[in-house]
Amino acid sequence: MSKDYTHIKANGIRNELKEIRKAVDKLTAAIIEIHIAQTNKHNEDYDDGTCCSDDELCKCKDKKE
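So, here's what we can say about the structure. (Residues numbered from 1 in each chain as written. Predicted model: local features only at pLDDT ≥ 70, side-chain atom pairs only at ≥ 80, totals over all residues. Heavy atoms only, no water.)

**What to know about the overall build of the protein chain**
Next, step 1: Broken down by element type, the protein chain carries 3 helices and 0 strands.
Next, step 2: Reading the secondary structure of the protein chain in the N-to-C direction produces α-α-α.
Next, step 3: Residue burial in the protein chain is summarised as follows: out of 65 residues, 3% are buried.
Next, step 4: A total of about 6,000 Å² of accessible surface is found on the protein chain, and carbon and sulfur atoms cover 56% of it. (Helix = DSSP H or I, 4+ residues; strand = E, 2+ residues; numbered from the N terminus. Buried < 20%, exposed > 50% of the residue type's maximum accessible area, 1.4 Å probe, protein only. Areas by Shrake-Rupley, 256 points an atom, 1.4 Å probe, with all protein chains shown as cover.)

See the structure below:
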C-alpha cells in the first residue's frame, strides 16, 4: 500500500465525516425548532395566569372547559 493511496483514503473519510457532521447539525437544529414550537404551544394552552407549572398537579386545560 503506497503512501498516496493512504492519504487519498483518509481524505475521503474525512470528507464523509464532515458531511455527516453537517447533517447532524441540521437535524439538531430542526429538533430544537420543533421543541421550541411545542413549548410555545404548550405555554399558550396552559397559561391563563392562575395555574401552576406542574401539568400533573394543575390540569389547567381541564379547568378551562
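**As for the pattern of salt bridges**
Next, step 1: Counted according to the given criterion, the structure contains 1 salt bridge.
Next, step 2: Residue Glu19 is joined to Lys22 by a salt bridge in which the shortest nitrogen-to-oxygen separation is 3.8 Å. Pair noted here: Glu19 and Lys22 are both in helix α1 (residues 3-46), with a separation of 3 residues, about one helical turn.
Next, step 3: Note on Glu19: relative accessible area 46%, which makes it partly exposed. (Salt bridge = Lys/Arg side-chain N within 4 Å of Asp/Glu carboxyl O.)

Any functional reading would require information that these geometric values do not contain.
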